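Residue-level structure breakdown
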Amino acid sequence: GQQLNQSPQSMFIQEGEDVSMNCTSSSIFNTWLWYKQDPGEGPVLLIALYKAGELTSNGRLTAQFGITRKDSFLNISASIPSDVGIYFCAGRWSGNTPLVFGKGTRLSVIA
Amino acid sequence: GAVVSQHPSRVICKSGTSVKIECRSLDFQATTMFWYRQFPKKSLMLMATSNEGSKATYEQGVEKDKFLINHASLTLSTLTVTSAHPEDSSFYICSARDSFRVDRGEKLFFGSGTQLSVL
């Protein structure tokens, strides 16, 4: 089956630092999505990517759909305490298949 | 973004009882909704795909008779955990896709989750 590797598993950073996390897939994906989950809440969609090479920003967040269609990264610039949470990548290789989720990156921001 | 409402947010029940969780898409219609289960510090595990007007599709290893899914309308899906036991305690999350808008059809929107604790 499809496998999605997300790294790093966890990060501890100082407030103001930039953050980068990525996901790689064993299969080609047509869609990449990035979510953030706060404790006790459902994931919230941050960025959606639909085309290889696509680079999309949402405020301090930037994500890219890899050229090979097997990877994606998410960058957070100038981190702030409210960035704390778990970030999940998710991908889909066709419109009718379920999303596959990465295992998440747990971000901690030290003020 | 689209809003998915999930209730209850937390439920504590006795072993052997059944618990129903509701998932509603508030500002869009969804022919398909998804139910996930999440263990502490783990990723989301897809349990089943709920299809409006037809039977749900269950992932391998998920008991159909244990986790009853009903998707009676384009805005409501329910998950009933029947004869719940302590091992069913978990965080359950529903999600939905806007079936009728091309610009967000690929995006999956999640409810806020239900923390089930079975005593």
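Here is a short report on the structure shown in this document. Here, residues in each chain are numbered from 1, in the same order as that chain's written sequence. Chains carry letters and ligands carry numbers; both start at the beginning, A for chains and 1 for ligands, and go up in the order they are written. Per-residue local features of the predicted model are confined to residues with pLDDT of at least 70, and side-chain atom pairs are confined, for both listing and counting, to 80 or more; whole-chain, interface and lining totals are unaffected and use all residues. The side-chain quantities take in all heavy atoms of the structure and omit both hydrogens and water.

Segments assigned H or I by DSSP are reported as helices when at least four residues long, segments assigned E as strands when at least two residues long, and all are numbered from the N terminus. Its location among the elements puts Arg92(A) in strand β9 (residues 85-92). For Arg92(A), a relative accessible area of 1% corresponds to the buried category. Excluding residues that lie within four positions of it along the chain, Arg92(A) makes contacts with Phe29(A), Asn30(A), Thr31(A), Thr97(A), Pro98(A), Leu99(A), Arg97(B) and Glu106(B). With a 1.4 Å probe rolled over the protein chains alone, any residue whose accessible area is under 20% of its type maximum counts as buried; one over 50% counts as exposed, and the rest are partly exposed. We call two residues in contact when some of their heavy atoms are within 4.5 Å.

A few words on the state of the cysteines. Linking two cysteines covalently through their sulfur atoms gives a disulfide. In plain terms, two cysteine sulfur atoms within 2.5 Å form what is called a disulfide here. Inspection of every chain in the model, using the stated rule, returns two disulfides over all chains. The partner cysteine of Cys23(A) in its disulfide is Cys89(A), sulfur to sulfur 1.8 Å. Note on the Cys23(A) and Cys89(A) pair: the S-S dihedral is about -90 degrees, so by sign convention the disulfide is left-handed. Of this pair, Cys23(A) sits in strand β3 (residues 19-25) while Cys89(A) is found in strand β9, placing the two residues 66 residues apart along the sequence. Take Cys23(A): its relative accessible area is 1%, and that puts it in the buried class. Note on Cys89(A): relative accessible area 0%, which makes it buried. In this model Cys23(B) forms its disulfide with Cys94(B); the gap between the sulfur atoms is 2.0 Å. The disulfide joining Cys23(B) to Cys94(B) has a torsion of about 80 degrees about its S-S bond and is therefore right-handed. Taken as a pair, Cys23(B) in strand β3 (residues 19-25) and Cys94(B) in strand β9 (residues 90-97) lie far apart in primary sequence, 71 residues in all. Summarising the burial analysis for this pair, Cys23(B) and Cys94(B) share the class buried. The closest cysteine sulfur to the non-disulfide-bonded Cys13(B) is located on Cys94(B), 18 Å from its own sulfur.

To continue, consider the sheet that holds strand β6 (residues 55-58) of chain A. Strand pairing in a sheet is mediated by backbone hydrogen bonds. Such pairs are either parallel or antiparallel. All names here are of chain A. We treat two strands as partners when DSSP finds at least two bridges between them. Pairing within the open sheet is antiparallel, and its five strands lie in the order β1-β3-β8-β7-β6. Of all the strands in the sheet, the pair left with one neighbour each is β1 (4-7) and β6. Averaged over all adjacent pairs, the angle separating strand axes in this sheet is 15 degrees, with direction ignored. Bridge analysis of strand β7 (residues 61-65) against strand β8 (residues 71-76) gives five bridges, and the strand direction is antiparallel. In the strand pairing of β8, Phe-65 is matched with Ser-72. Fitted lines through C-alpha atoms give the axes, limited to the stretch in contact for helices. The angle between two N-to-C directions lies from 0 to 180 degrees.

Chain B puts 19 residues into the contact, and the matching count from chain A is 21 residues. Carbon and sulfur atoms supply 56% of the area buried between chain B and chain A, which totals about 1500 Å² over both sides. Put simply, buried area is how much 1.4 Å-probe accessible surface two parts lose in total, over both of them, once they are put together. When the area that chain B buries against chain A is broken down by residue, the three leading residues are Ser43(B), Glu106(B) and Phe110(B), summing to 32%. A carboxyl oxygen of Asp or Glu within 4 Å of a side-chain nitrogen of Lys or Arg is what we treat as a salt bridge. Scanning the region where chain B abuts chain A turns up zero salt bridges. Breaking the side of chain B that touches chain A down by element, the ones donating at least two residues are β4 (32-38), β5 (44-51), β9 and β10 (108-110) of chain B. Under the convention adopted here, Pro, Cys and the residues Ala, Val, Leu, Ile, Met, Phe, Trp and Tyr are nonpolar, Asp, Glu, Lys and Arg are charged, and Gly plus all remaining residues are polar. For the side of chain B that touches chain A, the class distribution of residues is eight nonpolar, five polar and six charged.

Moving on, we get to the nonpolar core. Residues Phe67(B) and Leu116(B) are the most contacted members of the largest nonpolar core, which totals 27 residues. Of all the secondary structure elements, the ones that give two or more residues to this core are β2 (10-13), β3, β4, β5, β7 (67-73), β8 (76-81), β9 and β11 (114-118) of chain B. Phe67(B) has contacts with Arg37(B), Met47(B), Tyr58(B), Val62(B), Leu79(B), Thr80(B), Val81(B), Asp88(B) and Tyr92(B), leaving out every residue within four places of it along the chain. Within this scheme, the nonpolar core is defined by two criteria: the residues are buried Ala, Val, Leu, Ile, Met, Phe, Trp, Tyr or Cys, and they are joined through side-chain atoms within 4.5 Å. Counting residues in hydrophobic clusters, the runner-up holds 22 residues, among them Ile13(A), Phe29(A), Leu46(A) and Leu107(A).

Nothing here speaks to function; it is geometry throughout.
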